[in-house]
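# Structural description and commentary
Residue strings, one per chain:
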Amino acid sequence: MTAQIGDLLASAARALAANSPTARLDAEVLLAYCADLPRSTLLAFPERSISAHASARFAAAVERRACGEPVAYIRGEKEFYSLSLRVTPSVLIPRADTELLVDSALQYIDAAKPCSVLDVGTGSGAIALAIKRERPLAAVTALDCDVAALAVARANATRLGLEIRCVQSHWLDALAGERFDIVISNPPYVPSTNTDLEGALRFEPRGALDGGSDGLAAYRVLMCAAPAHLTASGVLLLEHGHDQRPAVLALAAAHGLALRAVHDDLARIPRVAVFCGSDFSRDSARNRG
């Protein structure tokens, strides 16, 4: 038995309204996915019928979404920096907010020159792949401790035709002696005491979110390890929580890292901090003098 697009969307939007502020949009995205049709077709032809198979898939998807599961996990796909990435529950869902981290990194990479980039905690490979697409001459290494996450990153790289090196490592342990022009990370920064996770966070891998008792454990590790892996003019770029910038800057100073820049997102929320080694900072000051 077939059903009309308009009726399916209206029913699904009502079912999702209690748990999603974007109920209608969720319904449209899920029906487009289940029926293998563009959203524009759904909107233009609400009187069209959908096959029984597609309707059944859609009903199952709506039920999952009604329980709070993110649309990205249901579809198995998420767009980031105009790249279509496959995602699974083994990786965090890439956020639009993190595109600022990529934008910030690109400011330090000359498109006409080779450079080396390390993405620590790559997950789906979103940051590494976005940088590689925008700076083809960059040699990009994507690092993660989780085998399943690295499998997702590798699959995304292959599907997108972007060549990156994927390395399994507990932090930077497997990269002894290697140095990079850019070390970049969106590390876990949710305090482990925060057990009342809402929305998509309830479904995402806890290990990729848990930043220790104060949310800063990953920053301590990175700030201790990264300087030995930066080239003389290299920079460390870190995304941080909206209220963590003062603590992150204090940690960096304590580890001998000099602040190079900070970046806020479009909503003026503190989002990214950029650091360099203190030696480079002193050299830059001498050169300016």
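Described in the following lines is the structure provided in the data block.

Basis of the calculations
Residues numbered from 1 in each chain as written. Predicted model: local features only at pLDDT ≥ 70, side-chain atom pairs only at ≥ 80, totals over all residues. Heavy atoms only, no water. Pairing = 2+ DSSP bridges. Helix = DSSP H or I, 4+ residues; strand = E, 2+ residues; numbered from the N terminus. Buried < 20%, exposed > 50% of the residue type's maximum accessible area, 1.4 Å probe, protein only. Polar contact = N/O pair within 3.5 Å; in protein donor to acceptor, adjacent residues only side chain to side chain. Contact = heavy atoms within 4.5 Å. Salt bridge = Lys/Arg side-chain N within 4 Å of Asp/Glu carboxyl O.

This part covers the pairing of strand β3 (residues 77-80). As paired strands, β3 and strand β4 (residues 83-86) are joined by four bridges and run antiparallel to one another. Paired with Glu 77 across the bridge in β4 is Arg 86. As consecutive antiparallel partners, β3 and β4 are separated by two residues, and within that stretch Tyr 81 has a phi angle of approximately 50°, a positive value.

Attention now moves to the side chain of Asp 265. Structurally, Asp 265 can be placed in the loop between β10 (257-264) and β11 (270-277). A residue is classified by how much of its surface remains accessible, and Asp 265, at 14% relative accessible area, is buried. At 2.9 Å, the side chain of Asp 265 forms a polar contact with the backbone nitrogen of Ala 267. In this structure the side chain of Asp 265 is engaged in a polar contact, spanning 2.8 Å, whose partner is the side chain of Arg 271. Apart from the residues lying within four places of it in its own chain, the contact partners of Asp 265 are Asp 97, Leu 100 and Arg 271.

A separate point is the pattern of salt bridges. Evaluated as defined, the whole model comprises 13 salt bridges. Across the pair Glu 134 and Arg 133 runs a salt bridge whose closest N-O atoms are separated by 2.7 Å. By relative accessible area, Glu 134 is classed as partly exposed at 29%. Residue Arg 133 is classed as partly exposed on the basis of its relative accessible area of 30%. Notably, a salt bridge pairs Arg 245 with Asp 264, separated by 2.8 Å at the nearest N-O pair. You can see Arg 245 sitting in helix α10 (residues 245-254) and its partner Asp 264 sitting in strand β10, a full 19 residues away along the chain. Through salt bridges with shared partners, a single ionic network connects Arg 24, Glu 28 and Arg 39.

Geometric values such as these leave the question of function open.
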